[in-house]
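Report on the structure
Given next are the chains, with one letter for each unit.
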Amino acid sequence: MKDTDIKRLLYVHLLCIFSIILSIFIPSFFLENFSVLETHLTWLCICSVSVTAVNLVLYLVVKPNASSKRSSLSYKVTRFLKCCIYFLMSCFAFHVIFVLYGAPLIELALETFLLAVTLSTFTTVPCLCLLGPNFKAWLRVFSRNGVTSIWENSLQITTVSSFLGTWLGAFPIPLDWGRPWQEWPISCTLGATFGYVAGLVTSPLWIYWNRKKLTYKNN
Amino acid sequence: MRLGSGTFAACCVVIEVLGVALFLRGFFPAPVCSFSGTEHQTESPAPEPSAGAISNWTKLPPPLFSKVVIMLIDALRDDFVFGSKGVKFMPYTTYLVEKGSSHSFVAEAKPPTVTMPRIKALMTGSLPGFIDVVRNLNSPTLLEDNVITRAKAAGKRIIFYGDETWVKLFPKHFVEYDGTTSFFVSDYTEVDDNVTRHLDKVLKRRDWDVLILHYLGLDHIGHTSGPSSPLIGRKLSEMDSVLMKIHTSLLSEERETLLPNLLVLCGDHGMSEAGGHGASSVEEVNTAMILISSAFERKPGDVRRPKYIQQTDLAATLSIGLGLPIPKSSIGNLIFPVVEGKPMREQLRFLHLNTVQLSKLLQENVPSYKKEPGFEQFKVSERLHGNWVRLYLEENSSEVLSNLGSKVRRQYLDALRALSLSLSRQAAQYDVYSMAVGTVLVLEVLALLLLSGPRALSGKAELDVPLPSPAFSLLCYLLPLGLAALHVTVCTSAGGTCYLCSLPWLTAGGVMVLISTLLCAVLSALTGMFAGGKRLSKNPPQCNSRSSELDLLILLGTVGHTLSLGASSFIEEEPQTWYFLVNTLCLALCHEIYRNCFLGDDCAPQRCPHAGEDFDGVAAAPQGKSPGPDVWELDRASRHPSPLGVLRGPERWMVLASPWLILTCCRLLRSLNQTGVQWAHRPDLGHWLTSPDHKVELSVLAAVSLIMIFVLVQKRCSLASKVAMAFGLLGIYCYRVAIGNLLFPWQQNNKDISKGITEARFVYVFVLGILFTGTKGLLKSQITADDFTVKTVGLWEIYSGLVLLAALLLRPHNLPVLALSLVIQTIMTQFVWRPLRHNAAEVTVMHYWFGQAFFYFQGNSNSIATVDISAGFVGLDAYVEIPAMLLTTFATYTGPVLWASHLVNFLTSEASSGSALSHACFCYALICSIPVSAYIIFVTSLRYHLFIWSVFSPKLLYEGMHLLITAAVCVFFTAMDQTNTKS
Ligand SMILES: [Zn+2]
Ligand SMILES: [Zn+2]
């Protein structure tokens, strides 16, 4: 593992963070009354679209897993379609999990679903980009000792920190402070975003810090 | 000497219960009361001060009113009368308030805003302590000095119609009464018709002096459909017409008597926006109070806003109005506008009587009473009053008299206000010494548990009882002496207000010895830790990485929950915390299962040098210091690789689906009862089911749940208990039909509602039968050793007996909670714990978490208002204290108790290692003590918080009760463990 790899990882992550920051500030030039809290749903859409786009572009440019053997067009198309289906499935799965956690079943369904989409953007999209629609590979990455490259390692960190952010974001909801961001699902989306950003920031640093200890099976 | 860790834990929890009890005794102050006993009749009233001159006014003044009618409307919030609702629905009352001869007030009720303490406050004028709420469950006779007892002693004839609580408080006081029960909250017409139907007859009669009416309907409407329900308006109009009827009848009668009559309209407490009461929100605290009498002069065109008074002021006013002595423990002021129309001499006389009574109470309760501003003002005004009387008797000019008189009056009113202020403050003083001693006990026990954790959870599950070195033991002998000296110092300086100081010397000495023994044990455990720590560091801990995510979650959950107890809104919404934790637990299990199934066991016990050392670091570093039993890994070496990899076919699918099934069950249960505060008013399935229109659905649901319970429970019982179980469950259905909750299919509408005594007792017989069979099996397994199946069957029978009892006591819409808890237990046992081979500590914590979640699933919350008292009446004719309390406790803590007893069953039937039960017992004790100890500290530091009575105190009582239950569970565990080791 070389330092250049880590540097590349850092730049990629910085671009992702930049896209989130842009999604906060750019729309206010085009849309009236745009603010993250008041027009929360719009922001969610813009944020997830921009993060997805940046992820896709970066994946195509950087190509972290160079080991794609076949590259026929039909294979690529089916792979892409599979990815779309996986993404939708993950959105619905997250929605179901939120409802199981106590989100209202009927009212606020759109809000809950957009939270699911956002969380999918932060977690499933990078997974799909890096690992492809391969459930076993996902499980491997998210179990102990399963990572095989720094890309997977950073994926593990960002995903777990996004989940953790969402999870922690639910805590302020019962407090009776009456703040606008305590409303469902704003605190959770903010938590997810902060978690994702924190993951993006910490993972290159963490990998750099531990670069002596990290030995990957395939490297 | 060696001690099993189970026994050790049980002892610890028992001591902890003692500590918490001591803390509670100090935390809930004894109410301000008069010590001069009940021989009040003999005492003569204070004579008028006369400064040398001889006054002939030494007796009590004569009554101001000939008849008094008290119309108490339960949950009459102030805006129901004075707000827009009052204008719309209570035209007559509004007319009286605005134009008639009346005085209207907003009477402030002190929390707890629960009916019985409020009735006591109205009639005694004292502030019942918070602990009275708990006594609300068994309504003892009111022994304190009160208006009703005084009136009866003075020969007044009192008639009462309304809430039964009055009859329980004053069992022999009414010449005629008809109690209505607040048992059936869904009934809001008949309870009030039962009161009103007597009115016509009674109002015509002349043979009574006091009539008390207590209408419950409004409160019942609030509980079932909230304050904005359209039913409220209809009920208010009904109350308005009742008031009009009484008032006109009193007016027409007045023409024939000399004295005017008094009509009091008041509420006992308000109603929150959710429809309940018990806490201290403005809506619950502010009640309407209107005094109506033709004696009150009213200048035309003077519009007054209702003034704020205290609820306790009514007792003193009523006593004056009826010509009775003021109740001794009353802290209320005379409502002055009532006597405003009287001559100056009488006004001053009344005020003097009131101040004398209050200052006497102050002398009895405050040692430094002479320094209180109210007392000084009282002395000044009494002297001025004496001068005034002398002038009056010497017949001075009226100008001087009235000027001086109004000055004295102002003095008296100020004195009254100051006196009752300092008295009501006195009612909320903490006994810090007892609290501190209790806290020390609890903390020492917790420290001991934490320190002995690593060894108690080691393979042998045994602890050394350390024999200290001589120097150390000398310290241990000296400690109690030092503590005793401290005790004497504190007690002599505090002057008898502490509970501990009022205890006999021997008991207090015992407490001191206990404290010092525990301290010595903690110290020796600490030294042992350091000695052992050196040894441990030589052979580094093995890599026990298998499910450290789960352990981390358990640790985080325990710490997070404990910390959340410091914030009032987290306490109110504690159900959400537990649901959240249980869901996360399920997801973590899901992750573990999927990893195991698809990837095989990826964590065979090998050294794992990279990736994820952050987790290991957390788990291994704070050995013994971090709360949570997750840090002790045990029985790990015996794991076979890939337990789930070998599963094939439907069982594999069941394993994969089980977390999702459990999550779905939890979500269903969660929507059954909305609890907490913020979301409590949301519509939930429970309300939908209990509404009278959905009886059929409720019946079907209850029947399905009962059948599910039978199917799930019977498979491990002996034949006799199977039959008993079936009959028992059938009996439960019959019982619910008899009391009118459910319907038989052939029955369209049930007409006669009985108390269902026979049916309930029928079920009790089977419960006792099953429990008896189970105990017999256990005893048999004791004698005929190594008969393993007899023992497990016996344990399961005890468990199923408890399930049957719970099914009887829980409300019918909560039967699914019971059924689904059995479903979850079965799924977890079959598809999660058994295949994944979790260790005893993890299984225990999971049981505990689920037990807590089920506590809230069944509709409990951290406010006293949700305790289902009706469980204590099942199968009983009348209130019998001990069984009712036991039944209510069991019904409230069904969730934790059933999960704990399932834990015993599971661990015994697995029998993987002999020490599993003692490990479980230790873990259970530890995980229950952590929140209790932390909470005690939080409560102590927050004791002047605004929500101390409404949020923190009820939770404290719940925690104390939970600890008591835990102690019982731990003792049961230890007993089972003993039989285990013997056989
Ligand atoms: Zn009430
Ligand atoms: Zn009520």
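Residues numbered from 1 in each chain as written. Chains lettered and ligands numbered in written order. Predicted model: local features only at pLDDT ≥ 70, side-chain atom pairs only at ≥ 80, totals over all residues. Heavy atoms only, no water.

1. Topic: the packing of helix α25 (residues 574-599) of chain B against helix α33 (residues 815-836) of chain B
The relative placement of two packed helices comes down to the angle between their axes together with the axis-to-axis distance. All names here are of chain B. The criterion, for reference: Axes here mean lines fitted to C-alpha atoms, for a helix over just the part in contact, with angles spanning 0 to 180 degrees between N-to-C directions. By definition, any uninterrupted DSSP run of H or I lasting at least four residues is a helix, any uninterrupted run of E lasting at least two residues is a strand, and each is numbered from the N terminus. Note on convention: near helix rotated counterclockwise from far helix by under a right angle means a left-handed crossing. Clockwise means right-handed. Residue contacts follow a heavy-atom distance rule, with two residues in contact if any of their heavy atoms lie within 4.5 Å. Classes in brief: Ala, Val, Leu, Ile, Met, Phe, Trp, Tyr, Cys and Pro nonpolar; Asp, Glu, Lys and Arg charged; the others, Gly included, polar.
Running from N to C, α25 and α33 cross one another at 65°; their axes reach a closest spacing of 11 Å. For the pair α25 and α33, the crossing hand works out as left-handed. Taken together, the residues of α33 that come into contact with α25 (itself represented by Leu 589, Glu 592, Ile 593 and Asn 596) are Met 828, Val 832 and Leu 836. Per-class residue counts for the contact of α25 with α33 are 5 nonpolar, 1 polar and 1 charged.

2. Things to note about the coordination of the zinc ion (ligand 1)
This is how it is decided: Because water is not among the atoms used, a metal site may look incomplete, as its donors are only the N, O and S atoms within 2.8 Å, or 3.2 Å for Na, K and Ca.
The protein atoms that coordinate the zinc ion (ligand 1) are Asp 74 of chain B (OD), Asp 74 of chain B (OD), Thr 115 of chain B (OG1), Asp 268 of chain B (OD) and His 269 of chain B (NE2), at distances of 1.9 to 2.5 Å. A separation of 4.5 Å is found between the zinc ion (ligand 1) and the zinc ion (ligand 2).

3. Thoughts on the nonpolar core
Residue and element names in this part refer to chain B. Rule in force here: By nonpolar core is meant a set of buried Ala, Val, Leu, Ile, Met, Phe, Trp, Tyr and Cys residues that side-chain atoms within 4.5 Å join together. Each residue's exposure class comes from its accessible area (1.4 Å probe, protein chains only) as a fraction of the maximum for that residue type: buried when under 20%, exposed when over 50%, partly exposed otherwise. Where each domain starts and ends comes from a domain assignment, either automatic or drawn from a database.
Core analysis: the largest hydrophobic core is formed by 172 residues, its most contacted members being Phe 27, Ile 709, Leu 804, Leu 809, Ile 824, Trp 849 and Phe 850. Here this core takes 16 residues from helix α37 (residues 916-941), the largest share from any one element. Each of domain 1 (2-28 + 431-530) and domain 4 (549-599 + 646-717 + 813-910) contributes no fewer than three residues to this core. Those residues within four positions of Phe 27 in sequence are excluded, and the remaining contacts are Tyr 430, Met 435, Val 939, Arg 943, Ile 948, Ser 953 and Leu 956.

4. Focus: the interface of chain A and chain B
Note the cut-off: Note on terms: buried area is the combined drop in 1.4 Å-probe accessible area of two parts once they are placed together, counting the loss on both. Criterion for a salt bridge: a side-chain nitrogen of Lys or Arg within 4 Å of a carboxyl oxygen of Asp or Glu.
Each partner contributes to the interface: chain A provides 25 residues, whereas chain B provides 30 residues. Summing both partners gives a buried area of about 2,800 Å² for chain A against chain B, and 64% of it is carried by carbon and sulfur. Sorting the residues of chain A by area buried against chain B places Leu 100, Tyr 101 and Arg 144 of chain A first, and these three jointly supply 30% of that buried surface. On the surface where chain A and chain B come into contact, there are 0 salt bridges. At the level of elements, α4 (73-100) and α6 (135-141) of chain A are the ones that each hand at least two residues to the side of chain A that touches chain B. By residue number, the principal contributor to the side of chain A that touches chain B is α6 of chain A, which donates 4 residues. For the side of chain A that touches chain B, a count of residues per class yields 16 nonpolar, 4 polar and 5 charged.

Honestly, that's just the spatial picture; any functional story needs more than this.
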